[in-house]
Amino acid sequence: MTAEDLFKNPNQKLRARELSYLAAFFRVEAWNILYERGTGHWGGAASAMELTTSLYFNRMNIRSEDPSWEDRDRFILSKGHASINLYTVLAYRGFFSPEILPSFRTLGATLQGHPSMITTPGVDLSTGALGHGLSVGLGMALAARHLKKSYWTYVLTGEGCLNEGSSWEALMCAAKYRPERFVLLIDYNKVQLDGYEEDIMPLEPLRDKLVSFGWNVPEQSFDGNNTGDILKSFVWLDNEDKWPKAIIYKTTKGMGVSFTENDNHWHGAKIDDESFKKGLLELGSDLSRREIWL
Ligand SMILES: Cc1ncc(C[n+]2csc(CCOP(=O)(O)OP(=O)(O)O)c2C)c(N)n1
């Protein structure tokens, strides 16, 4: 089975092994495009690949043929620098042709360096300035309540967004109004643009902080690079009553290319020729290993 087989019916709910395969495929796409363009953010895009793949190919109620469908589930990539992640997922989920992926980050392109809800079908919020996603997502979730709609709102942040004061205002406000179906997903790779989270601005004890702010957060941790674990976290989402909910996912920045893992240099570095070839070998062999599983 190939990736193409998995896209034949985009509305089917893929299983953990299929999601894992797709995420590996999307990493290859992202690595190629970032290399070709000589710009963009690899580390945080690679880190969240299983998360976005699982949301879009297992969980979210969306219509790629009608990106503005008013009952659609909303997704906000608050860590907007990881745009290549969202673009590969949206393209293969049918929001636009994968053929435009190579135009990423060119002047006037549909696929801007940071996600734009004006230019790109399927993007629910323009992001890039860290710390806004949670506030706007809260607004979307409150709007659902006001309009008596049952769509879900998912906000994906890294540590950078949580270092912004505006995020904590939104956390407080969400705990006051408790909107249903409002979910914060944290891509907790612990590496930022210019160093480790614990050196720049430590978030620990993160779960305790969120709980003390009034959020429902699972006690167990989930591996955000393991699709089986991510699906378990979705089961948790469905079985809990108290809103709002946050899930902390342990992830690896630069996941999939060994020399980029946990290294802030690869947050947004240009991929040179030699690194590209080495990385592609690793990503390719990972992909073929997963293909055998299917
Ligand atoms: C308000 C704001 N300040 C600074 C930046 C520059 N910036 C871009 S990414 C980043 C670090 C993000 O770290 P993290 O959220 O951990 O990203 P990830 O590892 O998930 O890619 C920073 C400081 C920004 N985009 N917005």
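Structure's up top.
Residue indices follow the written sequence of each chain, beginning from 1 at its first position. Residues qualify for local features only when their pLDDT is at least 70, as the model is predicted, and side-chain atom pairs are given and counted only at 80 or more; totals for whole chains, interfaces and linings, by contrast, use all residues. Neither water nor hydrogens contribute to the side-chain values; these are computed over all heavy atoms in the structure.

As for the overall build of the chain
The condition is simple: Here a strand is any run of E in DSSP of at least two residues, a helix any run of H or I of at least four, and the numbering for each starts at the N terminus. Radius of gyration: over C-alpha atoms. The globule rule applied is 2.2 Å multiplied by the number of residues raised to the 0.38 power. Note on exposure labels: buried denotes an accessible area under 20% of the residue type's maximum, exposed denotes more than 50%, and partly exposed covers the range between, all computed with a 1.4 Å probe on protein chains only.
Helix and strand counts for the chain come out as 12 helices and 5 strands. Relative to the 2.2 N^0.38 estimate, which gives 19 Å for 294 residues, the radius of gyration of the chain is 18 Å and therefore close to what a compact globule would have. Each principal axis of the C-alpha atoms in the chain carries an extent, and together these give about 50 × 45 × 40 Å. The buried share of the chain, reckoned over its 294 residues, is 56%.

Focus on the pattern of salt bridges
For clarity, the cut-off: We define a salt bridge as a side-chain nitrogen of Lys or Arg found within 4 Å of a carboxyl oxygen belonging to Asp or Glu.
This model, assessed by the stated rule, comprises 11 salt bridges. Across the pair Asp71 and Lys149 runs a salt bridge whose closest N-O atoms are separated by 2.8 Å. One end of the pair, Asp71, is in the loop between helix 4 (49–59) and strand 1 (74–77); the other, Lys149, is in the loop between helix 6 (133–147) and strand 2 (153–157), and 78 residues separate them in sequence. Judged by relative accessible area, which is 31%, Asp71 ranks as partly exposed. Judged by relative accessible area, Lys149 falls into the buried class, the value being 18%.

Things to note about the environment of Lys209
Note the following rule: Should any heavy atoms of two residues lie within 4.5 Å, those residues are considered in contact. Here a polar contact means two N or O atoms within 3.5 Å. Within protein one must be a hydrogen donor candidate and the other an acceptor candidate, and residues neighboring in sequence count only if both atoms are side-chain atoms.
Looking at the secondary structure, you find Lys209 in helix 10 (residues 206–212). Separated by 25 residues in the primary sequence, Lys209 and Leu184 place their C-alpha atoms 14 Å from one another. If we ignore the near neighbours within four places in the chain, the residues touching Lys209 are Trp168, Pro202, Leu203 and Glu204. A distance of 3.0 Å separates a polar side-chain atom of Lys209 from the backbone oxygen of Leu203. For Lys209, the side chain forms a polar contact with the main-chain oxygen of Glu204, separated by 3.2 Å.

Some details on the nonpolar core
Our working definition: The term nonpolar core refers to a set of buried residues drawn from Ala, Val, Leu, Ile, Met, Phe, Trp, Tyr and Cys, joined through side-chain atoms within 4.5 Å.
Membership of the largest hydrophobic core comes to 64 residues, with the highest contact counts inside it found for Phe26, Trp42, Tyr56, Phe57, Phe75 and Tyr154. Of the residues forming this core, the biggest block, 12 residues, is contributed by helix 2 (residues 16–37). If you look at the next biggest cluster of nonpolar residues, it comprises 26 residues, including Ile76, Leu134, Leu171 and Leu184.

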